[in-house]
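# Structure at a glance
Chain by chain, the residues:
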Amino acid sequence: MSTTKIRIAVDCMGGDIGMPVTVAAAWDFARSNPDTRFLLVGDEAGIQGQLKSLGCTSDDWFQVLAASEVVLMDDPVEVALRRKKDSSMRVAVQAVKDGLADACVSSGNTGAWMAISRYVLKMLDGIDRPAIATSIPNQKGGATTMLDLGANVDCTAEHLLQFAIMGTALVTALYGRPQPTVGLLNIGEEVIKGNEVVKQAAELLRASGLNFYGNVEGDDICKGTVDVIVCDGFVGNVVLKSLEGLAKMVSTMMRAEFGRDALSMLSGLVAKPVLNRFRDTVDNRRYNGAVLLGLRGIVVKSHGSADRYAFGCALARAREAVHNGLLDGTTDAIHLLRRSLQAAAEQSTKIPNDTADSCVDPGV
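So, how was this worked out
Residues numbered from 1 in each chain as written. Predicted model: local features only at pLDDT ≥ 70, side-chain atom pairs only at ≥ 80, totals over all residues. Heavy atoms only, no water. Salt bridge = Lys/Arg side-chain N within 4 Å of Asp/Glu carboxyl O. Buried < 20%, exposed > 50% of the residue type's maximum accessible area, 1.4 Å probe, protein only. Helix = DSSP H or I, 4+ residues; strand = E, 2+ residues; numbered from the N terminus. Expected span 1.5 Å × (residues − 1). Contact = heavy atoms within 4.5 Å. Polar contact = N/O pair within 3.5 Å; in protein donor to acceptor, adjacent residues only side chain to side chain. 1 Å grid on protein atoms, 1.4 Å probe; cavity = no way out; pocket = protein on both sides within 12 Å on 5 of 7 lines; lining within 4 Å. Points joined across faces, edges and corners; volume = space filled by probe spheres on them. Nonpolar A, V, L, I, M, F, W, Y, C, P; charged D, E, K, R; others polar.

Here we come to the pattern of salt bridges. Per the counting criterion, the structure on display carries 12 salt bridges. For the salt bridge of K84 with D75, the shortest nitrogen-to-oxygen distance reads 2.6 Å. The exposure class of K84 is buried, given its relative accessible area of 16%. When its relative accessible area of 13% is taken as the criterion, D75 is described as buried. Through salt bridges that share partners, D28, R31 and R308 make up one connected network.

Written out as structure tokens, the structure reads:
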């Protein structure tokens, strides 16, 4: 990939702020990543105006794709799919489908982005449902990849197994770990814990050939106990929003305490370098950009409230996924697992001769 330009389609109209964030972030990213080109999708005149205000004078980095419609944050999925066929979301995903872009990024309506991506790109063979995956900072100084984070509220054991395959491929592609550890989120580490779906999923994972650690609990997410944590989308979304809320609460409370009186403010000045490092470590903007796994294309979802820096991190996630061959890696992982499961099934159906002989009634 070193000599090939990476092309990313950007839904410039999505998010709480829209073009002032999306176009500006693409401009920042293009200047620091000369191997990346952008297809900026949306209101053509508005995008050109933003580029002009930023002082962009080169057409080599950007191509504008006009889209006449915008999917609003409160639009139902049906409206996004059937009534707004020329939306910036739809055009961005279609660019990946048509081979004009290697990946696409949006900070718009999550449900619509998921539905459009699935409808246009279709699913990879062997994957029933897409899953949303993102990285959560842990105390080891790295990040724990977690999925699903809201795409699938109700899941079967087979779906959780597929999530584990896709999460493994993602971590291998983005972080270069050939056999990342996988944990199944549960209410306890013991094998007997959890509902029937989780218990069945654990059995499938143990037989899968993946590097399955076992059941993990909620505190293992931030401990960094495993590289990948799998759960259904209902649980995953609640966990993610809870962690984000906790980080904001801690930050707000710390600012309030250090500003309480003169002595507290002086203590804050002394502790400022440490506090800044802590803030940077837990800053959720650095981890912005959730990958929609299982599709026949690379699709990234940014937070709707992302600022210029955070959206740039989502663009970086898309670039890394393309550069490191995430799509091929996921496909290969699925094929390897299929062969492993098939071999295990064939082995389990074979009955040794001595065993077969022992089953014959000696009186016959």
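Here we come to helix α5 (residues 110–121). Because the α-helix completes a turn every 3.6 residues, residues three or four places apart line up on one side. Compared with an ideal rise of 1.5 Å per residue, which puts 12 residues at 16 Å, α5 spans 16 Å between its outermost C-alpha atoms and is within 8% of the ideal. Within the sequence span of α5, burial applies to A112, W113, M114, A115, I116, S117, V120 and L121. Turning to α5, the residues buried within the fold contact α3 (77–83), α4 (88–97), β4 (103–106), β5 (131–137), β10 (290–293) and β11 (298–301). Residue N109 occupies the N-cap position of α5, its side-chain oxygen lying 3.1 Å from the main-chain nitrogen of G111. K122 occupies a position one or two residues after α5 and carries a positive phi of about 70 degrees.

Moving on, we come to empty space enclosed by the protein. All chains considered together, the criterion is met by 2 cavities of 30 Å³ or more. Approximately 60 Å³ is the volume attributed to the largest cavity. What lines the largest cavity is L124, V291, L292, L293, G294, L295, G297, I298, V299, L326, L327 and T330. For the lining of the largest cavity, the elements supplying multiple residues, two or more each, are β10, β11 and α12 (326–349). The residue inventory of the lining of the largest cavity, partitioned by class, reads 9 nonpolar, 3 polar and no charged. Lining of the second largest cavity is provided by G14, G15, D16, I17, G18, V21, T22, S107, H303, G304 and A306. Of the residues belonging to the lining of the second largest cavity, the class tally is 3 nonpolar, 7 polar and 1 charged.

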